[in-house]
Amino acid sequence: MDFDFPNPVKIVQRTARDFARQVVAPLVPEMERSGKFPKPLIKQLAEVGLLGLVTPRRYGGSELGWLARTAAVAEVSKVSAAVGISLQVHHMQSAAVNDWGSKAQKERLLPRMCRGEFLGTCAVTEPTGGSDLVGMASTAARARGGYVLNGSKCYITNAHLCAAPLIIAKTGEGSRGLSAFIIEKGAQGFSLGREEHKMGLLGADTGEFFFKNCRVPESALVADEGEGMKVALKTIGEVGRPGMAAVSLGILEAAFDEAVKFSKSRTLYGKPIAALQAIQWNVADILTDLETARLVCYRASWLKDRGRDCATHMTMAKLYTTEAALRASRKALEIHGGCGTMLDYPVQRCFRDAMVCISAGGTTEVGKIVVSRAALN
Amino acid sequence: MHIIVCVKPVPDPSRFDKLRLDPDTMLLRRDEVPSVINPLDRNALEAAAALKARHKGRVSALAMAAPGALEQLQEALALGCDRACLLTDPAFAGADTLATARVLAAAVRKLGRFDLILCGGYSADGSTGQVGPQLAELLGIPDLTFARSLEIKRKKLHAHCLREERQAVCETELPALVTLDQSANAPRLTPLASLRAAASKKISAWSARDLKLAPSGVGLAGSPTRMLNIFTPPVKRRGEMLQGSPDEAAAQLLERLRKDKVLS
């Protein structure tokens, strides 16, 4: 087995690392303070090519594949998980439009998304939750020449940064009763709600959408009517979940680095605390989680690059890595003792960010349902 | 205009703390730290891309390295080079700066007509700064070192070059060789949009035989210098905390410095 990345993936990983250090890192303190996403960063993400990583070249992307995307999102997330989640959610809409959109939708949206005219998003979650897709309340009723949408979406990443979000709404009943739409901002009856204040991932934009008799043309429909469930499940399962796994992998890397740095520099009883077995055991646990998470994340992306069935592996990657990031960042925080609870120490940000990643893209419990079904069926 | 850029893969400087020396061979254990394009060579690639944009023409990248250096040459292609050649042969191993310059000179001759060769001022691992000037000498062309700006006017090269604490304003005929200082420009990050096309380009691999070089002139056999030993000097310094108030500590420090004849 060759565990080395192919050359282009190595270059993507290194470039994403340099971008994160040079461009993203200086923005983090202000993102933490204000909770706002720095809008000029969108163009910078586009210029280096991170926005178009999984978009075909004919639409302005670089088409470098899913392993490259995982490595890039993890590197960015190591410095700022907030920027990492914004990037991975952008890839979700890019992939959904590329997989399911009409030729006209691809030609209209994908080049704009690669150029950084806006960050993409997929709006599924509603105030009643995000796991019960069939039970959603937003509707898209057939009307002359198109549809009329009513309802709301919440906890939508990039909500205020997206010019044309992908929305899932009910056009009928049951699993064939969902459809996907691209709604341009400015459409009558479409409005934005508040910007949410989260405990972690500060600086990632999270917001609400409201639809009140929002009339959209037939051309807004993505895929056929009734295929919204497929669009949502494939996009969440094969792009969103590995994306959150990659964000969590970045958090894990950061937590490990902080744990090692602190345990070597903090002295107790006249020597670094790294000499204490209690600290060594925690560091060993964190590194083991990190290496395991790398393997499960990279393998799942490798499967998708080869066009092989990967949904269960993607879910395992998300399930394992988000939990591992939370476990590791808690241990890293505990290694810091009282210092870990101080905002001056980055390790507390790892812990808060890891906590928010648990529910994004499907909770741990939903992940276990998906994996157990694959195991038992 | 044909510009040739010499590119050296070096261990990632941000991970130098992980570098180890092989105690038997006295060589760096390069497999333990991933290689990157030598940072100052990125300045050279950036300068080449700027000159190509202004004057048209083409850029070729040359690297003398192990086969694994394809990655750095693919990156050079993504950074705007039109062609890349890997000079690789087990016979090149252990080359000092002169033997390296001989291989590069043979490759430059094989590439044919050129106007300008750009190199980084020095490599992050060897830090000799000798390969560029030696290559110019072997090719019989003028060289300017540590340029912090360069431009071509009426077929002449004008450059501002660092000289200790001064700057020299230089002019030379083409063809010429210039080594770049890090202040020459701000190298771009690798544009990922160009990477897939770059990765699909063919990279020529040239051996000693392809370059018509005798084994006695390359690698360790062709190197007039020999590495006899590399070691980390033992540090015998010992820290000592001076006690008392800041004034008392300052007085103690002054007394100690006078006693040790650091101050008179």
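Residues numbered from 1 in each chain as written. Chains lettered and ligands numbered in written order. Predicted model: local features only at pLDDT ≥ 70, side-chain atom pairs only at ≥ 80, totals over all residues. Heavy atoms only, no water.

## Here we look at helix H6 (residues 246-259) of chain B
Rule in force here: Numbered from the N terminus, helices here are DSSP runs of H or I no shorter than four residues, and strands are runs of E no shorter than two. Helices are assigned an expected span. That span is 1.5 Å times one less than the residue count.
In this model H6 of chain B runs 20 Å from its N-terminal to its C-terminal C-alpha over 14 residues, within 8% of the 20 Å that 1.5 Å per residue would give. Count one or two residues on from H6 of chain B and you reach Lys 261 of chain B, which has phi positive near 60 degrees.

## Topic: the nonpolar core
Counted only if it meets this: Think of a nonpolar core as a cluster: buried Ala, Val, Leu, Ile, Met, Phe, Trp, Tyr and Cys residues, connected wherever their side-chain atoms sit within 4.5 Å. Burial here depends on accessible area, computed with a 1.4 Å probe over protein chains only, as a share of the maximum for the residue type. Under 20% is buried, over 50% is exposed, and the range in between is partly exposed. Contacts are assigned to residue pairs that have any heavy atoms within 4.5 Å of one another.
Counting 147 residues, the largest nonpolar core has Phe 19, Leu 50 and Leu 166 of chain A together with Val 5, Leu 118, Leu 150 and Val 178 of chain B as the members making the most contacts within it. For this core, the element with the highest residue contribution is helix H7 (residues 228-265) of chain A, accounting for 17 residues. Apart from the residues within four sequence positions on either side, Val 5 of chain B is in contact with Asp 41, Ala 44, Leu 45, Ala 48, Val 59, Ser 60, Ala 61, Leu 62 and Leu 118 of chain B. Formed by 28 residues, the second largest nonpolar core is a distinct cluster that contains Ile 4, Val 108, Ile 141 and Val 218 of chain B.

## What to know about the confidence of the model for chain B
Counted only if it meets this: Confidence per residue, as judged by the predictor, is encoded in pLDDT with a range of 0 to 100.
Summary statistics for chain B give a mean pLDDT of 93 and a share of 100% for residues scoring 70 or more. Predicted complex metrics record ipTM = 0.88 and pTM = 0.91.

## Thoughts on the pairing of strand E5 (residues 178-182) of chain A
Residues and elements named next belong to chain A. Here is the rule we go by: When DSSP locates at least two bridges between a pair of strands, those strands are taken to pair.
Counting buried positions along E5 yields 5 of 5 residues, so the element is predominantly enclosed. Alternating residues of E5 divide into Leu 178, Ala 180 and Ile 182 and Ser 179 and Phe 181, and every residue in both groups is buried. The sheet contact formed by E5 and strand E8 (residues 221-222) spans 2 bridges and is antiparallel. Residue pairing across strands places Phe 181 opposite Leu 221, the latter belonging to E8.

## A word on the interface of chain A and chain B
The test is simple: Buried area is calculated as the accessible area (1.4 Å probe) missing from two parts once they are joined, with the contributions of both summed. In what follows, salt bridge is the name for a side-chain nitrogen of Lys or Arg lying within 4 Å of a carboxyl oxygen of Asp or Glu.
If you look at the interface, chain A gives 20 residues, while chain B gives 18 residues. Of the roughly 1600 Å² buried between chain A and chain B on both sides combined, carbon and sulfur atoms contribute 58%. Counting the contacts that link chain A with chain B gives 3 salt bridges. When the shortest N-O distance is used, the salt bridge between Glu 71 of chain B and Lys 10 of chain A registers 3.8 Å. Per-element tally for the side of chain A that touches chain B: the top contributor is helix H1 (residues 7-24) of chain A, with 12 residues.

## Comments concerning the domain arrangement of chain A
Interface extent is often summarised as the accessible area lost during association of the parts. Residue and element names in this part refer to chain A. Definition in use: An automatic or database domain assignment supplies the start and end points of every domain. Residues adjacent in sequence count toward polar contacts only when both atoms are side-chain atoms; beyond that, a polar contact is any pair of N or O atoms within 3.5 Å, and within protein one must be able to donate a hydrogen and the other to accept it. Residue polarity follows a fixed list, in which Ala, Val, Leu, Ile, Met, Phe, Trp, Tyr, Cys and Pro are nonpolar, Asp, Glu, Lys and Arg are charged, and the others, Gly among them, are polar.
Taken domain by domain, chain A holds domain 1 (7-115), domain 2 (122-228) and domain 3 (237-376). Centre-to-centre separation of domain 2 and domain 3, based on C-alpha positions: 31 Å. Taken together, the contact pairs 5 residues of domain 2 with 6 residues of domain 3. Summed over both partners, the interface of domain 2 with domain 3 buries about 550 Å², with 75% contributed by carbon and sulfur atoms. Broken down residue by residue, the surface that domain 2 buries against domain 3 is led by Ser 131, Met 199 and Leu 201, which jointly contribute 80%. At the boundary of domain 2 and domain 3, one finds 0 salt bridges. Here domain 2 is connected to domain 3 by 2 residue pairs in polar contact (both at pLDDT 80 or more). The residue inventory of the side of domain 2 that touches domain 3, partitioned by class, reads 3 nonpolar, 2 polar and no charged.

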